[in-house]
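The lines below spell out each chain.
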Amino acid sequence: MIVPLAGHRYGTAAQHAAEAEVRRQGHLPAILAKHGLDFTAGIASVAVSVLIAAVLAALAVLNLGGQPLFTWILQPILLIAGGFVTTTQVFVDRYVESALRRSNVTTIDTKALMGAAKGVFPGWFRPLVMTRFLLTTAGSLAILLSLATS
């Protein structure tokens, strides 16, 4: 839940920094929105994270009570969906570069763009994103393997 809360806290400033960098490079800031590049995390993102945390807590309680059926159903979904979302966040530089390249926008210095946006976030944010990725993917696999062997 901390990643979207930090995104909500620092995302608007990161978006402004990215827009300023794009403007400095001679492009209109609207090019970011046109290509789906948004560094903000809205209330919906935070709410989804709270919902996922609540579901995981409920699954843990059910598992402790000997009721793993819902974990067998929901954990693979979390592994796939959560793994996809967190992977794009771990490799955000490549994602942004690819999105711009697909649209034939090759005149933007993506390293400078991402540097401007990332520079707004606190130093602990990037390791936290990596940790969430590992917990989402490896953690989901560990839970499924644990259920399969018990």
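Residues numbered from 1 in each chain as written. Predicted model: local features only at pLDDT ≥ 70, side-chain atom pairs only at ≥ 80, totals over all residues. Heavy atoms only, no water.

**Quick look at the environment of P127**
The criterion, for reference: Only runs of H or I of at least four residues qualify as helices and only runs of E of at least two qualify as strands under DSSP, and these elements are numbered from the N terminus.
Here P127 shows up in helix α7 (residues 125–149). With 37 residues separating them in the primary sequence, P127 and V90 have C-alpha atoms 9.5 Å apart.

**Some details on the nonpolar core**
Operational definition: Take the buried residues of types Ala, Val, Leu, Ile, Met, Phe, Trp, Tyr and Cys, join any two whose side-chain atoms come within 4.5 Å, and each joined set is a nonpolar core. Accessibility here uses a 1.4 Å probe with only protein chains present; expressed as a share of the type maximum, an area under 20% marks a residue as buried, one over 50% as exposed, and anything in between as partly exposed. We call two residues in contact when some of their heavy atoms are within 4.5 Å.
Grouped together as the largest cluster of nonpolar side chains are 22 residues, with contacts concentrated most on L32, L100 and L113. Those elements giving two or more residues to this core turn out to be α1 (2–24), α2 (30–34), α5 (92–102), α6 (110–118) and α7. Each residue touching L32, except ones within four places of it in the same chain, is listed here: Q15, A18, E19, V22, L37 and L113.

**Focus on the pattern of salt bridges**
Pairs can form between side chains of opposite charge whenever their charged atoms are close. To keep it simple, the criterion reads: When a carboxyl oxygen of Asp or Glu lies within 4 Å of a side-chain nitrogen of Lys or Arg, that pair is called a salt bridge.
What the rule picks out here adds up to 3 salt bridges. Its salt-bridge partner being E21, residue R24 comes within 2.6 Å of it at the nearest N-O pair. On the criterion of helical spacing, the pair formed by R24 and E21 is a turn pair, its members being 3 residues apart in helix α1. Here E21 falls in the buried class, since its relative accessible area comes to 11%. For E97, the salt bridge is made with R101, and the minimal N-O distance between the two is 3.2 Å. Note that E97 and R101 are positioned in helix α5 at a spacing of 4 residues, about one turn of the helix.

**Details of α6**
The following threshold applies: Arc definition: directions from the helix axis to the C-beta atoms. Pairs of N or O atoms are called polar contacts if they sit within 3.5 Å, as long as, within protein, a hydrogen donor faces a hydrogen acceptor (for residues adjacent in sequence, only side-chain-to-side-chain pairs).
Taken together, the buried positions of α6 are T110, L113, M114 and A117. Seen end-on, α6 carries its buried residues on one side only, within an arc spanning 90 degrees. Summarising the contacts, the buried residues of α6 are in contact with α1, α2 and α5. Two to three positions downstream of the cap, the backbone nitrogen of K111 sits 3.2 Å from a side-chain oxygen, assigning the N-cap of α6 to D109.

**Some remarks on the packing of α1 against α6**
To keep things clear, this is the line we draw: With axes taken as lines fitted to C-alpha atoms, and helix axes fitted only over the stretch in contact, angles between N-to-C directions fall between 0 and 180 degrees. Orientation categories follow fixed angle ranges, with anything under 35 degrees roughly parallel, anything over 145 roughly antiparallel, 65 to 115 roughly perpendicular, and all other angles oblique. Left-handed describes a crossing whose near helix is turned anticlockwise from the far helix through less than a right angle; right-handed describes the clockwise counterpart. Under the convention adopted here, Pro, Cys and the residues Ala, Val, Leu, Ile, Met, Phe, Trp and Tyr are nonpolar, Asp, Glu, Lys and Arg are charged, and Gly plus all remaining residues are polar.
Interaxial distance between α1 and α6 falls to 7 Å at its minimum, and their mutual angle equals 150 degrees. With respect to their mutual orientation, α1 and α6 come out roughly antiparallel. As α1 runs across α6, the sense of the crossing is right-handed. Across from A14, A17, A18, E21, V22 and R24 in α1, the residues of α6 making contact are A112, L113, A116 and A117. A breakdown of the residues in the contact of α1 with α6 according to their chemical character gives 8 nonpolar, no polar and 2 charged.

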